[in-house]
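# Structure assessment
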Amino acid sequence: MGKLDLVVYGATGFTGRLAAKYLAGKGRRLNSGVKWALAGRSLPKLENLRDELCDKDPSLASLQLLEADSSDQSAVDAMVNDCKALVTTAGPYAQHGSYLLRSCANHGTHYADLTGEIPWIKKMMDNHHEAALKSGAAIIPSCGFGSVPSGWGVWAIVQHFQQTLGEGCAHVDGYCVDIAAGLSGGTADSMFGPEYSREVRDALKDPQYLNPPDKRTNRDSPDAVDVSYDAVLKKWRGIFYAAPINSRNIRRSAALGNYGSNFSYSEHMLYNNRVAAFLGNSAFRAFTKAGENPQSWNFLRYWMPDAGSGPSQKDLHSGYAKMRFVGESEKSKSLAQCDITIHGEPGYLQTATMLCEAGLHVAENCNSIPSGFTTPSVALGAKYYDRLLKNGFEMSVKSIPRPES
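Residues numbered from 1 in each chain as written. Predicted model: local features only at pLDDT ≥ 70, side-chain atom pairs only at ≥ 80, totals over all residues. Heavy atoms only, no water.

## So, the sheet that holds strand S4 (residues 83-88)
What links the strands of a sheet is backbone hydrogen bonding, and the strands pair in either a parallel or an antiparallel sense. Note the threshold: DSSP calls a pair of strands paired once it identifies at least 2 bridges connecting them. Helix and strand definitions here come from DSSP, where helices need a minimum of 4 consecutive H or I residues and strands a minimum of 2 consecutive E residues; each element is numbered from the N-terminal end. Every residue pair with non-hydrogen atoms within 4.5 Å of one another is taken to be in contact. In this analysis an axis means a line fitted to C-alpha atoms, helices contributing only their contacting stretch, and an angle means the value between N-to-C directions, from 0 to 180 degrees.
The strand order across the open sheet built from seven strands is S3-S2-S1-S4-S5-S6-S13, with neighbouring strands paired in parallel fashion. The open sheet terminates on both sides in strands that have one partner only, identified here as strand S3 (64-67) and strand S13 (372-373). Where strand S1 (residues 4-9) and S4 come together, five bridges link them in parallel fashion. Note on S4: the bridge partner recorded for Leu4 is Cys83. Here helix H1 (residues 14-24) sits on the sheet and contacts S1 and strand S2 (36-40); the angle it forms with S2, its principal contact strand, is near 165°. Against the sheet, helix H5 (residues 98-107) makes contact with S1, S4, strand S5 (110-113), strand S6 (138-140) and S13, and its axis sits at roughly 155° relative to S5, the strand it touches most.

## Considering the side chain of Ser142
What counts here: The definition of a polar contact used here is a pair of N or O atoms within 3.5 Å, where within protein one atom must be able to donate a hydrogen and the other to accept one, and adjacent residues in sequence count solely through side-chain atom pairs.
Along the chain, the position of Ser142 falls in the loop between S6 and helix H7 (148-164). A polar atom in the side chain of Ser142 sits 2.8 Å from the backbone oxygen of Thr115. There is a polar contact of 3.1 Å between the side chain of Ser142 and the side chain of Asn249. Dropping the residues within four chain positions of it, Ser142 is found in contact with Asp113, Leu114, Thr115, Ile121, Ser147, Val148, Ile245, Asn249 and Pro376.

## Digging into helix H3 (residues 73-80)
Formally: Throughout this description, buried means an accessible area under 20% of the type-specific maximum (1.4 Å probe, protein chains only), exposed means over 50%, and partly exposed covers the range between. Here the arc refers to the directions that run from the helix axis out to each C-beta atom.
Those residues of H3 lying buried are Gln73, Val76, Met79 and Val80. Down the axis, H3 shows its buried residues gathered within 125° of arc, on one side only. Exposed side chains of H3 directed beyond 90 degrees from the buried face belong to Ser74 and Ala78. Contact partners of the buried residues in H3: S1, S2, S3, S4 and H5.

## Quick word on the sheet that holds strand S9 (residues 235-238)
The sheet built from seven strands is open, its strands ordered S8-S9-S10-S7-S11-S12-S14 with mixed pairing. Across the chains shown, the open sheet's two edge strands, defined by having one partner strand only, are strand S8 (228-230) and strand S14 (393-400). Geometrically, the sheet is characterised by an average inter-axis angle of 30° between neighbouring strands, direction not taken into account. Examined bridge by bridge, strand S7 (residues 169-180) and strand S11 (residues 320-329) share 10 bridges and lie antiparallel to one another. In the strand pairing of S11, Asp173 is matched with Val326. Here helix H11 (residues 274-290) sits on the sheet and contacts S9 and strand S10 (264-271); the angle it forms with S9, its principal contact strand, is near 10°.

## Details of empty space enclosed by the protein
The condition is simple: Of the grid points, spaced at 1 Å and generated over the protein atoms alone, those admitting a 1.4 Å probe that cannot get out make up cavities, while open sets with protein on both sides within 12 Å along at least five of seven lines make up pockets; any residue with an atom within 4 Å of a point is treated as lining. Grid points are joined across faces, edges and corners, and a volume is the space filled by probe spheres set on the points. Classification used: nonpolar for Ala, Val, Leu, Ile, Met, Phe, Trp, Tyr, Cys and Pro, charged for Asp, Glu, Lys and Arg, polar for all others including Gly.
Tallied over the full model, the rule gives two cavities of 30 Å³ or more. Estimates place the volume of the largest cavity at around 50 Å³. Around the largest cavity, the lining residues are Ser147, Val148, Gly151, Trp152, Asn249, Ile250, Ser253, Thr375, Pro376, Ser377 and Tyr385. Put simply, the parts of the chain that give the lining of the largest cavity at least two residues each are H7, helix H10 (243-256) and helix H15 (376-379). Residues that form the lining of the largest cavity fall into these classes: five nonpolar, six polar and no charged. By volume, the second largest cavity is sized at about 40 Å³. If you trace the second largest cavity, you find it lined by Ala85, Leu86, Val87, His110, Tyr111, Ala112, Ile140, Gly359 and Val362. Breaking the lining of the second largest cavity down by element, the ones donating at least two residues are S4, S5 and helix H14 (349-364). A breakdown of the residues in the lining of the second largest cavity according to their chemical character gives seven nonpolar, two polar and no charged.

Put into structure tokens, the structure is as follows:
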């Protein structure tokens with residue numbers, strides 16, 4: 001039968017089902033000839049999902065299914081050894097991702113996930129980066145809304161300065177301008193819950209937490225937590241909930257790539273007025289504070305969707321996100337602006353798109369993907385972003401004037 005090109009693990013979860021449906025829409029053997037399969041803990045659930053996919057495409061009746069519990073290392077090894085690339089939606093990753101990632105690193109199988117769990121990424125990196133380098137496996141965490149759009153926007157500005165000015169990039173500010181997205185209980189647990197909050201708080205003290213040890217600088221300050229005015233965009237900015245993982249992935253990208261000798265990055269939520277920014281910051285702080293106490297967190301969790309659930313079909317298709325990035329070049333201090341629009345709910349529907357397209361890109365180019373722990377922008381780059389532009393994403397980048405004093 002030969003090796004599979006791509007395996008989607010966690011396929012029966014909410015995001016996993018979206019990923020399976022996305023790939024099914026492209027046909028069992030895709031235009032590029034990629035041979036893919038679904039995997040998860042329960043074969044009966046996988047069979048039910050395949051039956052559901054077959055209602056729209058009967059040719060998927062022979063789609064291969066792989067049963068493997070993520071806590072069973074031998075079962076995981078057997079699955080990973082039979083594929084070139086694996087993407088996983090099964091989180092929290094500190095609970096369900098460690099054996100998968102380790103096996104991929106050891107077997108030379110490319111790996112991508114959706115994690116925003118900063119301490120877990122660091123632990124896996126410390127333990128398995130060298131094995132991945134040796135085996136040739138690319139380990140690419142955070143291939144969803146965290147951190148693909150932010151990495152893309154910064155990458156586009158860096159490319160713009162290099163191509164139009166022959167200069168590096170000194171600094172980029174990233175902004176979430178507007179968003180309509182869902183938040184699952186499982187995602188909230190992994191970002192704010194008591195089990196992770198102490199580790200996350202420690203990680204947030206270090207803006208270059210994910211940088212290679214030999215490529216750390218003193219350029220980046222801790223994540224901005226106060227309301228401030230942006231003179232370029234003439235709006236107010238506050239805390240953006242995805243900034244901790246996005247900013248650390250981007251700083252790792254800058255360390256691995258050639259962004260500029262003095263590059264730094266910060267990320268914010270954009271508001272029309274100071275009051276709105278203050279209220280947004282206050283709500284975020286209250287939410288994170290609740291995560292430090294099991295009782296208050298359990299109360300909040302009661303009002304959130306259960307892990308494994310997500311937005312309605314209506315909300316999935318009416319959701320969106322608008323991101324903006326403003327960068328300054330190193331020498332001439334010129335400014336550039338990149339805008340990214342995501343059509344479709346970004347945290348689930350289009351996160352599944354981002355992960356699937358990352359997996360397809362890796363499967364189709366498995367011999368040219370850089371090995372070791374990397375990032376979406378470093379490992380996947382321009383061809384990957386071109387894929388997204390064909391699937392509900394818009395991106396533009398341009399030079400902008402410096403505001404008058």
